[in-house]
Amino acid sequence: MNVEQIIKTERKLPLKTRTMIHLALVSNKINEEFTAALKPYGVSRQQFNVLRILRGQKGKPANLSTINERMVTKMSNTTRLVDKLITKGYVERWVCEANRRKVEILITEKGKTILEKIDTVMEDTESVLLKNFSQKELEELNTLLDKF
């Protein structure tokens with residue numbers, strides 16, 4: 001990916017500026033690919049993230065605060081995301097009997113089933129996006145990204 005060609009400039013960008021633009025372009029490409037992969041399932045990237053979080057609870061319900069803490073992309077509309085997943089039958093929600101102010105959310109069997117299908121598509125998408133990297137390069141890239 002040549003940053004200067006993509007943004008159609010002939011001048012050499014300062015390294016820091018080029019790096020930030022490069023990261024933004026890569027982020028956009030990843031988001032576009034994941035969004036396209038999820039589209040046939042009628043699930044957004046954020047909804048997919050919520051489903052994965054709930055599956056990771058291993059049968060224990062989570063509350064909105066827990067979900068929001070673990071989201072890859074922090075959002076203020078977690079309630080709306082959960083509402084959409086409830087409408088699709090992928091999660092269920094109820095008021096905690098011990099603490100009536102707390103809402104508990106659990107992934108349904110239907111949610112687990114769709115998530116298994118989506119997992120395969122997402123793994124394939126990851127493979128396509130990362131096809132030009134060796135295992136060693138991916139490890140190095142992760143080491144560099146950890147510096148953020």
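The coordinates are above.
A quick note: this is a predicted structure, and the numbers were derived from the prediction, not measured. (Residues numbered from 1 in each chain as written. Predicted model: local features only at pLDDT ≥ 70, side-chain atom pairs only at ≥ 80, totals over all residues. Heavy atoms only, no water.)

> Would you explain the overall build of the protein chain in this entry?
What the protein chain contains, in helices and strands, is seven helices and two strands. What you see for the protein chain is a C-alpha radius of gyration of 19 Å, clearly larger than the 15 Å of a compact globule of 148 residues, by over 25%. Along the first, second and third principal axes, the C-alpha set of the protein chain runs to 65 × 30 × 30 Å. Here the protein chain holds 148 residues, and the buried ones make up 28% of them. Across the protein chain, every contact between residues at least 6 apart in sequence was considered, and the portion connecting residues at least 24 apart equals 47%. Carbon and sulfur atoms make up 53% of the accessible area of the protein chain, which amounts to about 10400 Å² in all. Side-chain charges of the protein chain comprise 27 positive and 19 negative groups, with the mean position of each set lying 5 Å from the other. (Helix = DSSP H or I, 4+ residues; strand = E, 2+ residues; numbered from the N terminus. Rg over C-alpha atoms; globule rule 2.2 N^0.38 Å. Buried < 20%, exposed > 50% of the residue type's maximum accessible area, 1.4 Å probe, protein only. Contact = heavy atoms within 4.5 Å. Areas by Shrake-Rupley, 256 points an atom, 1.4 Å probe, with all protein chains shown as cover. Lys, Arg positive; Asp, Glu negative; His and termini not counted. Charge placed at Lys NZ, Arg CZ, Asp CG, Glu CD.)

> Even after reading the chapter, I still don't get the nonpolar core, so can you show me in this structure?
A general feature of soluble globular proteins is that nonpolar side chains tend to end up buried together. Val50, Leu51, Leu54 and Ile67 are the most contacted members of the largest nonpolar core, which totals 24 residues. Only helix H2 (15–38), helix H3 (45–56), helix H5 (78–87), strand E2 (103–107) and helix H6 (109–129) provide two or more residues apiece to this core. With residues near it in sequence (within four places) discarded, Val50 still touches Ile67, Met71, Leu81, Val82 and Leu85. (Core = buried A, V, L, I, M, F, W, Y, C linked by side-chain atoms within 4.5 Å.)

> Please explain the pattern of salt bridges as it appears in this structure.
Working definition: two side chains of opposite charge can pair if their charged atoms are close together. Considering all chains together, one arrives at seven salt bridges under this definition. The closest approach of N and O atoms between Arg18 and Glu4, which form a salt bridge, is 3.0 Å. Of the two residues, Arg18 is situated in helix H2 and Glu4 in helix H1 (residues 3–6); the sequence distance between them amounts to 14 residues. Glu4 sits in the buried class, given a relative accessible area of 11%. (Salt bridge = Lys/Arg side-chain N within 4 Å of Asp/Glu carboxyl O.)

> I would appreciate a short explanation of the side chain of Glu104 in the present structure.
By secondary structure assignment, the location of Glu104 is in strand E2. Assessed through its relative accessible area of 14%, Glu104 is described here as buried.

> Sorry, what's going on with unusual backbone geometry here?
If a residue is not glycine, its phi is most likely negative; likewise, a peptide bond is most likely trans. We note that Lys8 has phi near 55°; this positive angle belongs to a residue other than glycine. Position of Lys8 among the secondary structure elements: in the loop between H1 and H2. For Lys8, a relative accessible area of 72% corresponds to the exposed category. The backbone of Lys58 shows a phi angle near 55°, a positive value even though the residue is not glycine. Tracing the chain through its elements places Lys58 in the loop between H3 and helix H4 (64–70).

> I tried to follow the packing of H3 against H6 on my own but got confused; where do I start?
Between two packed helices, the angle of one axis relative to the other and the distance separating the axes together describe the packing. Where H3 contacts H6, the axes come no closer than 11 Å and their chain directions differ by 115°. At the point where H3 passes H6, the crossing takes the left-handed sense. Residue-level contacts link Phe48, Leu51, Arg52 and Arg55 of H3 to Ile114, Leu115, Ile118, Asp119 and Met122 of H6. Classifying every residue of the contact of H3 with H6 gives six nonpolar, no polar and three charged. (Axes fitted to C-alpha atoms, helices over the stretch in contact; angles between N-to-C directions. Left-handed = near helix turned anticlockwise from the far one by under 90°. Nonpolar A, V, L, I, M, F, W, Y, C, P; charged D, E, K, R; others polar.)

Any functional reading would require information beyond the geometric quantities listed.
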